[in-house]
Amino acid sequence: MPKHGKNYNAAAAKVEAGKVYSPKEAMALAKELSSAKFDETVEVAVRLGVDTRKADQNIRGSISLPNGTGKTVRVAVFAEGAKAAEAEAAGADVVGSDDLIEEIQKGNINFDAVIATPNLMGKVGRLGRILGPRGLMPNPKLGTVTMDVEKMVKELKAGRVEYRADRYGICHVPMGKASFDVKDLVENYGALITELLRVKPSSAKGKYVKSIVISTTMGPGIKVDTAKTRDFMED
């Protein structure tokens, strides 16, 4: 068992053993227990009853959180001509084609998300071994391979997040910062849960949402009532 500091142990002592909290209660408690000197990220971990070894149960996608994540997202766009100009006007941090590929091959990766127009994916594909392990490879399923670069740049900047079930069926998704209002955190949480329920595979058997835990970067886990799938602001 890993050893925790006194701040963590003091926070953990305030979480009732065996209790499942409403989303509103959990977010309020997570904010209360945040004790780091930086603005901690609030994260939700949702364990789904899926077998990710089966293609049709490989849960992955992205959603725009209504209140963003509180994080400054640096966006790179592979585009040329008018689409490059569109990306720059929308606020992209890095825009290019062959020149951007060359910079990435040199190890210059100063961005958090990548968009590409479909016509450049042949070139971008060569960067798979570099961008793939970092989770930065543009993907049509996530909307990051698109001709509508303006829309996607703005969504990523505003707080579009990816969700993906790992080998254990767990999705780890940031919900915002501990400095956010409870209402804003709960609205973000509601958007994620609603989306995960929407993409439930028809082949998934048994209980779909098995457990939900909310925590801050340095704080303990707080179990959330999985039956709460609407009216998220209710106690």
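Residues numbered from 1 in each chain as written. Predicted model: local features only at pLDDT ≥ 70, side-chain atom pairs only at ≥ 80, totals over all residues. Heavy atoms only, no water.

Asks: Please clarify how the nonpolar core should be interpreted in this entry.
Replies: Most often, soluble globular proteins have nonpolar side chains that are buried together. One finds M175 and Y189 to be the most contacted residues of the largest nonpolar core, which totals 38 residues. Those elements that place two or more of their residues in this core are α2 (23-33), β1 (41-48), β6 (160-164), β7 (170-177), α8 (182-198), β8 (209-216) and β9 (222-224). The leading source of residues in this core is α8, at 6 residues. When neighbours within four sequence positions are excluded, Y189 is seen to be in contact with P23, M27, V44, M175, I212, I214, V224 and F232. One finds A84, I115, M152 and V153 within the second-largest nonpolar core, a separate group that totals 15 residues. (Core = buried A, V, L, I, M, F, W, Y, C linked by side-chain atoms within 4.5 Å. Buried < 20%, exposed > 50% of the residue type's maximum accessible area, 1.4 Å probe, protein only. Helix = DSSP H or I, 4+ residues; strand = E, 2+ residues; numbered from the N terminus. Contact = heavy atoms within 4.5 Å.)

Asks: Got a minute to help me understand the packing of aromatic side chains in this structure?
Replies: The description of two aromatic rings rests on the distance between their centres and on the angle between their planes. Evaluated as defined, the whole model comprises 1 aromatic pair. Geometrically, the ring pair formed by Y189 and F232 is edge-to-face, given 5.8 Å between the ring centres and 80° between the ring planes. Remark: F232 occurs in the segment after β9 and Y189 occurs in helix α8; sequence separation between them is 43 residues. Overall, the relative accessible area of 0% leaves Y189 in the buried class. A relative accessible area of 12% means that F232 is categorised as buried. (Phe/Tyr/Trp six-rings, centres within 6.5 Å; stacked < 30°, edge-to-face > 60°.)

Asks: Help me understand helix α4 (residues 98-105) in this model?
Replies: Residue pairs three or four apart in sequence face the same way in an α-helix, which turns once every 3.6 residues. Among the residues of α4, those classed as buried are L100, I101 and I104. Buried residues in α4, looked at end-on, bunch into an arc of 100°, giving them a common side. Those residues of α4 that are buried are in contact with β3 (75-78), β4 (94-96), α5 (121-124) and α6 (128-131). Two residues or fewer after α4 comes G107, characterised by a positive phi angle close to 95°. (Arc of directions from axis to C-beta.)

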